[in-house]
Amino acid sequence: MENRYERIQSAERGARISIVVYVLLALMKLIVGYGFNSTSLSADGLNNLTDVISSVTILIGLRAARKPADSNHPYGHWKAEPIASLITSFAMLFVGFQVLQSTINRLISGDVVPPNRLAAIAAIIGAIVMLCVYRYNLNLSKRVQSNGLAAVAKDNLADALTSLATAIAIFASALGWGWIDGVMAIIVSLIILKTGVEVFRESTFSLSDGFHETELEEYHAAVIELPQVREIASLKARMYGTNIYADITILVDSEMTVQEGHDITEKIEELLYENFDVMHTDVHVEPYHLKKNIFKKLNN
């Protein structure tokens, strides 16, 4: 099984592939889009440019995240990845607003020229390539458990669908419905904005120590099954980059020895690590008969 630093190195490979593909697709779409008067294809090319920024930022974040702990960062640099995702969201929102504004102005002014249907070929090629990159990054993100790379994969899929829709719009425009190309450009800009908002929400959720209750319930169900655990007084968790840190207070028999208490903490740490990939678990052991009422009052 890969350690966490090896996982991040694997995730970097997916980010690098995305960068190369996005640069090539952005150049192709922008050149063909402007050359064949396709507003939607040009917008799709600008969308891929934001993806270049996104992938580069994620790559920088991944590299920073695997730096070892130092005196100023005793817990390591794991939060560099969600910080990189947050920066990416700002770039997406900026480009999305720019594309939306310029397209609306062009439609209002009546500056609409039907595109050459050959521009659709570039969009179809882009869709096929991005579907392949999406499948690669999705499988890799699941294997290495990288939220940053999972965000890149999600963006890959959105780009593939956008390119496919762009191709359809170009064909329709070439048949006489020239306004459809502009409308598709607006849709592309809205997709960019939607993706930016989603990345922003996910990164801020992680950076603000948010954690999903359903996962806490799974941890609780697993730990309470241990015969030595009489009750779980408190259970909290947070994300530190792609790593999970958990804090749990268990109530045990007051007659339990120090060695037995130590053994149960190690068993819980091992349980959460093997079953849920919790990187670090801080277990507090308290006597059941003394602490039960106190913790119930605190939780209420």
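Here's what I pulled together on the structure shown here. All values reported here derive from a predicted model rather than from experimental measurement.

Some remarks on the sheet that holds strand β1 (residues 231-240)
With respect to topology, three strands assemble into an open sheet ordered β1-β2-β3, the strand pairing being mixed. The open sheet has two edge strands with one neighbour each: β1 and β3 (278-287). With strand direction ignored, the average angle separating the axes of adjacent strands in the sheet is 15°. Inspection of the sheet shows strand β2 (residues 243-252) paired to β3 by nine bridges, in the parallel sense. Residue threonine 249 lies in a different strand from β3, and its bridge partner there is histidine 284. Its contacts with the sheet place helix α7 (residues 213-223) against β1, β2 and β3, and it is angled at close to 135° to β1.

Quick word on a nonpolar patch on the surface
On the surface, Trp177, Trp179, Val183 and Ile187 cluster together to form a nonpolar patch covering roughly 420 Å² of accessible area. Along the chain, tryptophan 179 turns up in helix α6 (residues 179-207).

Remarks on a negative patch on the surface
Taken together, the side chains of Asp253, Glu255, Glu260, Asp263, Glu266, Glu269, Glu270, Glu274 and Asp282 define an acidic patch exposed on the protein surface. With six residues, the single largest contributor to the negative patch is helix α8 (residues 258-276). Position of aspartate 263 relative to the elements: it lies in helix α8. Classification of aspartate 263 by relative accessible area gives partly exposed; the value is 36%.

Focus: α8
Under the 1.5 Å per step criterion, the end-to-end length of α8 is 27 Å for 19 residues, consistent within 8% with the ideal 27 Å. Listing the buried residues of α8 in full gives Gly261, Ile264, Thr265, Ile268, Leu271 and Leu272. Down the axis of α8, the smallest arc covering the buried residues is 125°, so these residues share one side. Lining the buried residues of α8 we find α7, β2 and β3. Phi turns positive, to about 60°, at aspartate 277, one or two residues after α8.

Considerations on the pattern of salt bridges
Inspection of the entire model under this criterion finds three salt bridges. Between lysine 29 and aspartate 44 there is a salt bridge; the shortest N-O distance is 3.0 Å. With lysine 29 in helix α1 (residues 4-35) and aspartate 44 in helix α2 (residues 39-65), this pair connects stretches of sequence that are 15 residues apart. Aspartate 44 carries the same exposure label as lysine 29, and that label is buried. Linking lysine 194 and glutamate 198 is a salt bridge whose minimum nitrogen-to-oxygen distance equals 2.5 Å. With a gap of four residues between them, lysine 194 and glutamate 198 both fall in helix α6, about one helical turn apart. On the basis of relative accessibility, which here comes to 51%, the residue lysine 194 falls in the exposed class. Assessed through its relative accessible area of 26%, glutamate 198 is described here as partly exposed.

About the thresholds
- Residues numbered from 1 in each chain as written.
- Predicted model: local features only at pLDDT ≥ 70, side-chain atom pairs only at ≥ 80, totals over all residues.
- Heavy atoms only, no water.
- Pairing = 2+ DSSP bridges.
- Helix = DSSP H or I, 4+ residues; strand = E, 2+ residues; numbered from the N terminus.
- Axes fitted to C-alpha atoms, helices over the stretch in contact; angles between N-to-C directions.
- Contact = heavy atoms within 4.5 Å.
- Patch = residues over 30% accessible without salt bridge, like charges linked within 9 Å, V, L, I, M, F, W, Y side chains within 5 Å.
- Areas by Shrake-Rupley, 256 points an atom, 1.4 Å probe, with all protein chains shown as cover.
- Salt bridge = Lys/Arg side-chain N within 4 Å of Asp/Glu carboxyl O.
- Lys, Arg positive; Asp, Glu negative; His and termini not counted.
- Charge placed at Lys NZ, Arg CZ, Asp CG, Glu CD.
- Buried < 20%, exposed > 50% of the residue type's maximum accessible area, 1.4 Å probe, protein only.
- Expected span 1.5 Å × (residues − 1).
- Arc of directions from axis to C-beta.

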